[in-house]
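Analysis of the macromolecular model
Residue-level listing of the chains:
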Amino acid sequence: MAHYELTMPVTEAQVRQLRVNDTVTLQQTLFGIRDATQIHMLDRGRTTRFDLRGHAVIHTAPNVRKVEKSEAYPAGYAPVCIGTTTSDRMERFTRPLMTQHGVRFIVGKGGMRQGSLDAFRELGGAYLAIVGGTAALETTWIEQIEDVDLDDLNPESLWKFRIRNFGPLLVAMDSHGNSLYTDIKADVERRRADVLASLGVHQ
Amino acid sequence: MKIDLPAVEEAAKELYIRALKVLPPDIKGGFARLTETETAPRAQGILATMVRNIQVAEEHENLLCQDTGVPIYNIAIGRGVEVDGHDLKQAIRKGCERATREHPLRSSVVHPLTRRNEHTSCGAEVPVIHIDFTPEPNKLTIQMIPKGSGSENNSFLKMAIPAEGIAAIKEFVIDCVINAGGKTCPPTIVGVGLGGTSDLCVALAKRAATRPLGSHCADPEGAALEKELSDAVNRLGVGPQGLGGDSTAFAVHIELAATHITMNPIAVNMQCHSARRASATVTPDGITYGF
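Quick caveat: nothing in here was measured; it's all calculated off a predicted structure.

Describing the overall build of chain B
- From N to C terminus, chain B includes eight helices and nine strands.
- For 291 residues, the compact-globule estimate of 2.2 N^0.38 gives 19 Å, and the C-alpha radius of gyration of chain B, at 19 Å, lies within 12% of that figure.
- Along the first, second and third principal axes, the C-alpha set of chain B runs to 50 × 50 × 45 Å.
- Burial status across chain B gives 49% buried among its 291 residues.
- Within chain B, counting contacts between residues at least 6 apart in sequence, those at least 24 apart form 80% of the total.

What follows is the structure in structure tokens.
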């Protein structure tokens, strides 16, 4: 269970060194992406001027305040509250996000499925779990909204955040075929019959 | 008591913002109880982060969670309250819009087909407004619940049959909790609706999921089943964030209604650990805020 400080973007080797139960703190850059963003980019072929290669994306749609563009607010947005949404809905986008855009990390909550795990193993990626519902804390790790693209999808735009000490995040799915979610699911399945029996439900 | 509608509009705005920022004391108490009993180190760490977040939100006067949810307003009108019902609903809607624009808040509400976001947290039939009547004199209460989607997306209805009995209820609740896994942001309040028609059953599940911790089903049989299921779900090992541990749910809550001789409906609606709600009570003395 090692801890890594990673300045984004990262190389495949940096991702491959991570194992489940390791922790990671990200530095510098994080992209925000969500359902509509990925539907438009990956189903409808919309392009972005951002280079996502080697980067981390977080499943988010933030609360922001529109402000005058300035040095402090280069995108014309001040962060209000930025948190993380449930990743499972975006399961089918993991592989194209990696093959078409070179994304290496997904930061999310609740975990993803076998398709994502396979993509992480084949292409060199990992899922970094954040504690869902702790957005007030997460917002303190975000220094600035540096840029935004596909903003007609607001709040589901493609956001570029400047981050500092973003974490610790838990490596919950690694590039070696390990997933804490698969392990927990198997454990829960094993307990299910006993729990039901304790309730007088026999199958 | 005549209701001052601009004051209701202001309260509707204030309630949305308050609910998003400060968790009710019963939910904080729920965290304290789970923190004491949790045995898995990873789960303890996650619970500690959640508790830290509650403090950070209060210190920074920020939202607890980025999900501003689907806004729900539950109105209870007491005896002797004079108000135009239509105007009351309009005032609530206006307050909800104003909270979204003036704070500002992320509008999480879109048209179901075009996915268009009006950036007001409002749309067709939203905010959801429920109006009920109580015998209490000269009192109007407005409860606001921003219902997050992570938990709302894990809502289930099963039209079981009488021959399947209570066993079907128990199995369905257990399997809903298992299938939801970490997607609902556990620890959750598992709301269970029993009986009624299909729509009433689902509404009861929501009422159960948003009831304060420590409250019990008014029906003694329902209350006993709540206790039994509350203990059972926390032996499943789902844990906080679905990453294992004892703290899968703060509690299982049940609300029930009579049903048809041929029916045994079961609905499950969950509330995430950011179990937010706020309320305002309007009396002749003015407005007081609470949870």
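A closer look at the sheet that holds strand E5 (residues 188–194) of chain B
All names here are of chain B.
- One open sheet accounts for four strands, arranged E4-E7-E5-E6; its pairing is mixed. A single partner strand is all that each edge strand has here, and the edge strands are strand E4 (156–160) and strand E6 (249–256). Across this sheet, the average inter-strand angle for adjacent strands is 15 degrees, counted without regard to direction.
- Of the pairings in the sheet, the one linking E4 to strand E7 (residues 264–271) comprises five bridges and is antiparallel in character. Residue pairing across strands places Lys158 opposite Ile266, the latter belonging to E7.

A short note on the interface of chain B and chain A
- Between chain B and chain A, the contact holds 42 residues from the first and 41 residues from the second.
- Looking at the side of chain B that touches chain A, the elements that each hand over two or more residues are helix H3 (41–60), helix H6 (165–180) and helix H8 (220–233) of chain B.
- Broken down by element, the residue count for the side of chain B that touches chain A peaks at eight residues, all from H3(B).
- Split by residue class, the side of chain B that touches chain A holds 18 nonpolar, 15 polar and nine charged.

Focus: helix H1 (residues 5–21) of chain B
Residues and elements named next belong to chain B.
- Taking 1.5 Å per residue, 17 residues should reach 24 Å; H1 reaches 25 Å between its end C-alpha atoms and fits that length.
- H1 sits mainly inside the fold: 12 of its 17 residues count as buried.
- Residues of H1 that are buried: Val8, Glu9, Ala11, Ala12, Lys13, Leu15, Tyr16, Ile17, Arg18, Ala19, Leu20 and Lys21.
- Buried-residue contacts for H1 involve H3, strand E1 (70–79), helix H4 (85–102), strand E3 (140–147), strand E8 (278–283) and strand E9 (286–290).

Some remarks on the packing of H1(B) against H4(B)
All names here are of chain B.
- Contact pair H1 / H4: the axes reach a minimum separation of 7 Å and the direction vectors enclose 40 degrees. Between H1 and H4, the interaxial angle falls into the category oblique. The hand of the H1/H4 crossing is right-handed. Residues Leu5, Val8, Glu9, Glu10, Ala11, Ala12, Lys13, Tyr16 and Ile17 of H1 touch H4, and the partners they reach there are Asp87, Leu88, Ala91, Ile92, Lys94, Gly95, Cys96, Arg98 and Ala99.
- Per-class residue counts for the contact of H1 with H4 are 11 nonpolar, one polar and six charged.

Some points on the environment of B:Thr283
All names here are of chain B.
- For Thr283, the location among the structural elements is in strand E8.
- On a C-alpha basis, the gap between Thr283 and Glu255 in space is 28 Å, while along the polypeptide they are 28 residues apart.
- Aside from chain neighbours lying at most four places away, what touches Thr283 is Asn138 and Lys139.

Describing the nonpolar core
- In this structure, A:Leu128 and B:Val173 are the most contacted members of the largest nonpolar core, which totals 136 residues.
- No other element matches the 10 residues that strand E9 (residues 158–173) of chain A contributes to this core.
- Residue contributions to this core reach at least three from each of two domains, namely domain 1 (5–20 + 64–148 + 275–290) and domain 2 (150–271) of chain B.
- What B:Val173 contacts, discounting residues up to four positions off in sequence, is B:Val190, B:Val192, B:Leu229, B:Val252 and B:Val268.

Thoughts on the domain arrangement of chain B
All names here are of chain B.
- One can read the domain layout of chain B as domain 1 (5–20 + 64–148 + 275–290) and domain 2 (150–271).
- Averaged C-alpha coordinates put domain 1 and domain 2 at centres separated by 26 Å.
- In terms of residue class, the side of domain 1 that touches domain 2 is made up of three nonpolar, one polar and three charged.

Focus on the packing of H6(B) against H8(B)
All names here are of chain B.
- Relative orientation of the contacting elements H6 and H8 amounts to 35 degrees, with a least axis distance of 11 Å. Crossing geometry of H6 relative to H8 is assigned as right-handed. Residues Lys170, Val173, Ile174 and Val177 of H6 pack against Leu229, Ala232 and Val233 of H8.
- A breakdown of the residues in the contact of H6 with H8 according to their chemical character gives six nonpolar, no polar and one charged.

A few points about the confidence of the model for chain B
- Predicted confidence across chain B gives a mean pLDDT of 98, with 100% of residues reaching 70 or more.
- Predicted complex, confidence summary: ipTM 0.96, pTM 0.96.

Quick look at helix H3 (residues 94–101) of chain A
Residues and elements named next belong to chain A.
- Within H3 the residues assigned to the buried category are Thr94, Leu97 and Met98. On an axial view of H3, the arc spanned by its buried residues comes to 95 degrees, and they lie on one face.
- Lining the buried residues of H3 we find helix H2 (35–43), strand E3 (56–59), strand E6 (105–108) and helix H4 (114–123).
- Remark: Gly102 follows H3 within two positions and exhibits a positive phi of approximately 75 degrees.

Quick notes on the pairing of E3(B)
Residue and element names in this part refer to chain B.
- For E3, a buried count of seven out of eight residues is recorded, marking the element as mostly surrounded by other parts of the structure.
- Two elements, E1 and E3, share eight bridges in a ladder whose sense is antiparallel. Each bridged residue has a counterpart across the sheet, and for Tyr73 the counterpart in E3 is Met144.
- In this sheet, E8 lies alongside E3 in antiparallel orientation, the contact comprising five bridges. Bridged to Met144 within E8 is Ala278.

Criteria and cut-off values
Starting from 1, residues in each chain are numbered consecutively following that chain's sequence as written. Chains and ligands are labelled by the order in which they are written, letters from A for the one and numbers from 1 for the other. Per-residue local features are limited, in this predicted model, to residues with pLDDT of at least 70; the limit for side-chain atom pairs, both in listing and counting, is 80 or more; totals at the level of whole chains, interfaces and linings are taken over all residues. Strands here are runs of E lasting at least two residues and helices are runs of H or I lasting at least four, both read from the DSSP assignment and numbered beginning at the N terminus. For this measure, only C-alpha atoms enter the radius of gyration; the expected value for a globule follows 2.2 Å times N^0.38, where N is the number of residues. Exposure classification rests on a simple neighbour count of other C-beta atoms within 10 Å of a residue's own: a residue reaching 20 or more is buried, one at 12 or fewer is exposed, and one in between is partly exposed. C-beta atoms are placed from the backbone. By the convention adopted here, residues make contact when the C-beta atoms placed from their backbones lie within 7 Å. Whether two strands pair comes down to DSSP finding at least two bridges between them. Axes here refer to lines fitted to C-alpha atoms; in helices the fit is confined to the stretch in contact. Angles between the N-to-C directions go from 0 to 180 degrees. Here the term charged refers only to Asp, Glu, Lys and Arg, the term nonpolar to Ala, Val, Leu, Ile, Met, Phe, Trp, Tyr, Cys and Pro, and the term polar to all other amino acids, Gly among them. One less than the number of residues in a helix, times 1.5 Å, gives the span that helix is expected to have. Orientation categories follow fixed angle ranges, with anything under 35 degrees roughly parallel, anything over 145 roughly antiparallel, 65 to 115 roughly perpendicular, and all other angles oblique. A clockwise turn of the near helix away from the far one marks a right-handed crossing, whereas an anticlockwise turn of less than a right angle marks a left-handed crossing. By definition, a nonpolar core groups buried Ala, Val, Leu, Ile, Met, Phe, Trp, Tyr and Cys residues that connect through C-beta atoms lying within 7 Å of each other. What counts as a domain boundary in this text is fixed by an automatic or database domain assignment. pLDDT expresses, on a scale from 0 to 100, how confident the predictor is about each individual residue. Arc definition: it is the arc formed by the directions from the helix axis to the C-beta atoms.

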